[in-house]
Protein chains: 2
Amino acid sequence: MKIIVDAMGGDNAPQAPVLGAIQANREYGVDIILVGRGEAILKVLADNGVSDLPAGVEIAHASEVVEMCDNPATAFREKKDSSLTVGLNLLKNGDGDAFVSAGSTGALLAGATLVVKRIKGIRRAALAPVVPTGGGGAVLIDCGANAECPPEYLLQFAYMGSYYAEHVLGRPEPKVGLLNIGAEPSKGTGLQTAVYPLLQQAARDGRINFVGNVEAREAVEGAVDVIVSDGYSGNIFLKTMEGTGLFLARELKKMFQKSALTKLAALLVAGGLREFKAIMSADEVGGTALLGISKPVIKAHGSSDAYAIQNAIRQARQYISAGIIENIAENVDQMRLDAPGKEE
Amino acid sequence: MKIIVDAMGGDNAPQAPVLGAIQANREYGVDIILVGRGEAILKVLADNGVSDLPAGVEIAHASEVVEMCDNPATAFREKKDSSLTVGLNLLKNGDGDAFVSAGSTGALLAGATLVVKRIKGIRRAALAPVVPTGGGGAVLIDCGANAECPPEYLLQFAYMGSYYAEHVLGRPEPKVGLLNIGAEPSKGTGLQTAVYPLLQQAARDGRINFVGNVEAREAVEGAVDVIVSDGYSGNIFLKTMEGTGLFLARELKKMFQKSALTKLAALLVAGGLREFKAIMSADEVGGTALLGISKPVIKAHGSSDAYAIQNAIRQARQYISAGIIENIAENVDQMRLDAPGKEE
């Protein structure tokens, strides 16, 4: 198994991707292609006492870097020798089994869609992070790739999220919920009321375990394994969680810094506090899968450190082994509203 | 000033509303009308050692109660002698200055709209809670009254939220943000891209302090005083905050219960922990204003205890004194897309 890693993507590149990849190579025994400026990659290795490339690690030189200021929709085409475009082409050509990047989400999504292409029959790729919940995490699909969605997209998101939860997170018969503002099928906007019966039908056909609408509060508390949403609402959900986590972490810090006694208390729960912080940490959760793309592509958080990149590579490895792209491709006719012979 | 209180609404009625109202009467010197079953109200008073009605507190008998299982859209009409309907009619007739209820949100919204009526020119009443943020709280408008909204609703929400933040929360020139998934005016769905220029125009006219799109994370962290949203997305935002707060509070509790040492730590920060919990508590925030109704109506949280009811009454008092309903009524032509003489 060989993972292609964008050595130039993210706030902490090239250090974080290079060191995270080396670490993943060591711990999981996966082969790695580091894509980016050769000299910069070698310098990171030398600075960290690695004089030769470890076995199973190679470099694919790419002279350009996609920056956050580049137009995401066209960056992969305008910078043909960027680590993003070179990496995606390696994936497309079968030189590696998955691509991991902490670079621009928009550029990665556009590049993956146009270079690697979507699974045939899938209308749109979706961003599917695993969000921390009281149930040990849930797949949120979509969280921003598609702000506005017709019902068919959400039907496809439900299937793709369900496969991912089952085979990558290891949840048997994953509970699929439609993000909504009430339990009744009549709740929500025209989108949710149109999607509800589609998901219900998929459940009746025994294809997904649709458990109905899920309110945001219950979703965070862990009521479902897959949270199905349009990209706009999914993004509001994800960013509200992040914001609330950051806000409360700061308040907690203030509480522990009040006096000598509270500082002592902080010492007594130091281990627990680390675990507490890890719950909401993007670094622990790993990356966001671009579900619907015909080969595994993982977006790591922009602020990823080496450990986060390592986690994203671990996730890419699970994604490859799970065979869910094949699952999706085989069942794609069931996810289409216009498919021949499909009842609606 | 006289506040009408629904003595039968909420999970803890009649105890919580009756005792909260008595407490508010004592602390703020406001007159109170307790609406509900006379004997039940008197029993709560007697059980708590109050043998005579305090000065300034009266009872308006209503024999029925709107239950959670009643149809919210029609409950106020079907149960004409409910505390909800009797209370709203007292408000309409000028027997009191505001109505506070912890009962069904939907029934209160429908009843307020049809009995008390909206401010002339306002298209829809909105639920506008004050959500806890890093900036000391922000008005979220709407959070669920109107799942689907045309642009004009959001323009009106922005004005109403701005008046509320300025005159009830005491924020001069409140910063108004449009809840969105990115900063650029092109971000979001067709709704946000249509609303953005309307809010920009209102800002250019010097009517509101529109600061642009606000992402959910920055909204929680306190970037704005008013978060403008359709009811569906606002509800996702609110419930995600609540869920994340509950989830993290539970994890924190686990952390402190691990061993004798962590339990000691909990004792050392006990005061701080109480404050920490209060940040996310619905009881502290008070109630949700039904902005757009022609008289002040406050929805207290369904699980309100006496203290929460007291807070909601305090809020009703500020709402009355602020005179914002008059402000809204005077400026309503500016909030309409079809108003005569208004440039667009």
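Structural data are supplied above this passage.
Residues numbered from 1 in each chain as written. Chains lettered and ligands numbered in written order. Predicted model: local features only at pLDDT ≥ 70, side-chain atom pairs only at ≥ 80, totals over all residues. Heavy atoms only, no water.

Participant: Even after reading the chapter, I still don't get the sheet that holds strand β2 (residues 31-36) of chain B, so can you show me in this structure?
Facilitator: Strands belonging to one sheet form pairs held by backbone hydrogen bonds; the direction of such a pair is parallel or antiparallel. Residues and elements named next belong to chain B. The mixed open sheet is built from 7 strands, whose spatial order is β3-β2-β1-β4-β12-β11-β5. Taken across any chain shown, the strands that pair with only one partner, and hence form the sheet edges, are β3 (57-61) and β5 (126-128). Adjacent strand axes in the sheet meet at a mean angle of 25 degrees when their direction is disregarded. With 3 bridges joining them, strand β1 (residues 2-6) and strand β4 (residues 98-101) adopt parallel strand pairing. Pairing of Ile3 across the sheet is with Ala98, part of β4. Across the sheet, helix α4 (residues 83-92) touches β1, β2, β3, β4 and β12 (297-299), and the angle it forms with β4 is around 165 degrees. (Pairing = 2+ DSSP bridges. Helix = DSSP H or I, 4+ residues; strand = E, 2+ residues; numbered from the N terminus. Axes fitted to C-alpha atoms, helices over the stretch in contact; angles between N-to-C directions. Contact = heavy atoms within 4.5 Å.)

Participant: Quick question: what am I supposed to make of the pattern of salt bridges here?
Facilitator: It is possible for side chains bearing opposite charge to pair when their charged atoms get close. In this structure the tally under the stated criterion is 22 salt bridges over all chains. When the shortest N-O distance is used, the salt bridge between Arg217 of chain B and Glu242 of chain A registers 2.8 Å. Within this pair, whereas Arg217 of chain B is found in helix α8 (residues 216-221), its partner Glu242 of chain A is found in helix α9 (residues 231-256), the two belonging to separate chains. By relative accessible area, which is 22% here, Glu242 of chain A ends up partly exposed. For the salt bridge of Lys43 of chain B with Asp47 of chain B, the shortest nitrogen-to-oxygen distance reads 2.9 Å. Note that Lys43 of chain B and Asp47 of chain B are positioned in helix α2 (residues 38-47) at a spacing of 4 residues, about one turn of the helix. If you follow the salt bridges from partner to partner, you end up with Arg217 and Glu218 of chain A together with Glu242 of chain B in one network. (Salt bridge = Lys/Arg side-chain N within 4 Å of Asp/Glu carboxyl O. Buried < 20%, exposed > 50% of the residue type's maximum accessible area, 1.4 Å probe, protein only.)

Participant: What exactly am I supposed to notice about the nonpolar core here?
Facilitator: Counting residues in each nonpolar core, the largest one holds 110 residues, and the members touching the most others are Ile227, Phe237 and Phe256 of chain A together with Ile227, Phe237 and Phe256 of chain B. Once residues within four sequence positions are removed from consideration, Phe256 of chain A is found in contact with Thr262, Lys263, Ala265, Ala266, Val269 and Leu273 of chain A together with Phe256 and Val269 of chain B. (Core = buried A, V, L, I, M, F, W, Y, C linked by side-chain atoms within 4.5 Å.)

Participant: When you look at the relation of the copies chain B and chain A in this model, what are you seeing that I'm missing?
Facilitator: Mapping between the two copies of the chain is achieved by a rotation about an axis and a shift along the axis. You can overlay chain B on chain A at an RMSD of 0.0 Å; the transform is a turn of 180 degrees with a shift of 0.0 Å along its axis. Here the symmetry operator amounts to a two-fold rotation axis. Judged by C-alpha distance, Ala265 of chain B is the residue of chain B that lies nearest the rotation axis, at 2.0 Å. Taken as a fraction of all interface residues of chain B, those also at the interface in chain A reach 98%, which identifies the copy contact as same-surface. (Least-squares fit on C-alpha atoms with pLDDT ≥ 70 in both.)

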